[in-house]
Amino acid sequence: CWVCLVTLLGYRILALGAKTCDLRELCANIHSKKQSEFEQDLIFCGFIALYCPIKKQSKTVINSLNSSGHDNLMITGDNILTAYHVAKSVAIIDERELAILSKEKVDGQEKYLFKKPDGTSIIEIQISDCNQKEVVNISKEFNLGITGDAFQAFAEDFKASKSLLNWVVLNTRIFARMSPKHTQH
């Protein structure tokens, strides 16, 4: 998909929408309206792809931190594919492919899946029967990434399995679509 390709190149994608409204009424009541009222019944107008260049000194700083034995990771509100591009560009991660941890319903059961950016499933993790050894092996082959919502769900579902939860936190290098509520775990 076009959006996936562009985000893998480091672009941020914004969707544009419009709707007709009475300007006088809008101006008179703007402070009493909720954001959701402005965001409903929009007509899709297209996408804008924005490129924000990485600061020149960023890769040098990250390389210095890597050389001094620090484990670097990225926590961002950006899309996970944009974050993957940036993390690779500044050497937070190496050239291995990305494996994204997500929670999905498969055959009527909730499972966690590591997937490639194209949606290809790499490994399934059942909440009731998790083989931690399989999960550990995945980090040898892939750079690991997770979104804020998937991280929050994973932290809640695996709070009894501290070793697996700690392993995921320590081996994931890209935490994307994170918000302050996600970082409380």
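Attention here is on the structure that accompanies the text. (Residues numbered from 1 in each chain as written. Predicted model: local features only at pLDDT ≥ 70, side-chain atom pairs only at ≥ 80, totals over all residues. Heavy atoms only, no water.)

**Considerations on the environment of R177**
Quick reminder of the rule: Helical segments are the DSSP runs of H or I of at least four residues, strand segments are the runs of E of at least two, and each set is numbered from the N terminus. Should any heavy atoms of two residues lie within 4.5 Å, those residues are counted as being in contact. Any N or O atom pair separated by 3.5 Å or less is treated as a polar contact, with the protein-specific requirement of one donor-capable and one acceptor-capable atom, and with residues adjacent in sequence counted only for side-chain atom pairs.
As for its placement among the helices and strands, R177 is situated in the segment after β8 (172-176). For the pair formed by R177 and I80, sequence separation is 97 residues and the distance between their alpha carbons is 6.8 Å. Not counting the four nearest positions on each side in its chain, R177 is found in contact with T76, G77, D78, N79, T147, G148 and H182. At 2.9 Å, the side chain of R177 forms a polar contact with the backbone oxygen of G77.

**Observations concerning the packing of aromatic side chains**
Cut-off, in case you're wondering: Aromatic contacts are taken between Phe, Tyr and Trp rings whose centres are within 6.5 Å, Trp giving its six-membered ring; a plane angle under 30 degrees counts as stacked, one over 60 as edge-to-face, and the others as tilted. Using a 1.4 Å probe on the protein chains alone, a residue whose accessible area is under 20% of its type maximum counts as buried, one over 50% counts as exposed, and one in between counts as partly exposed.
Applying the stated criterion across every chain, the model contains 7 aromatic pairs. With a centroid separation of 5.2 Å and an interplanar angle of 65 degrees, the aromatic rings of F44 and F47 are classed as edge-to-face. The exposure class of F44 is exposed, given its relative accessible area of 53%. Classification of F47 by relative accessible area gives partly exposed; the value is 43%. Pairing F151 with F175 gives two aromatic rings, centres 5.7 Å apart and planes at 90 degrees, and the pair type is edge-to-face. Here the residue F151 occupies a position in helix α7 (residues 148-157), and F175 occupies one in strand β8, the gap between them amounting to 24 residues.

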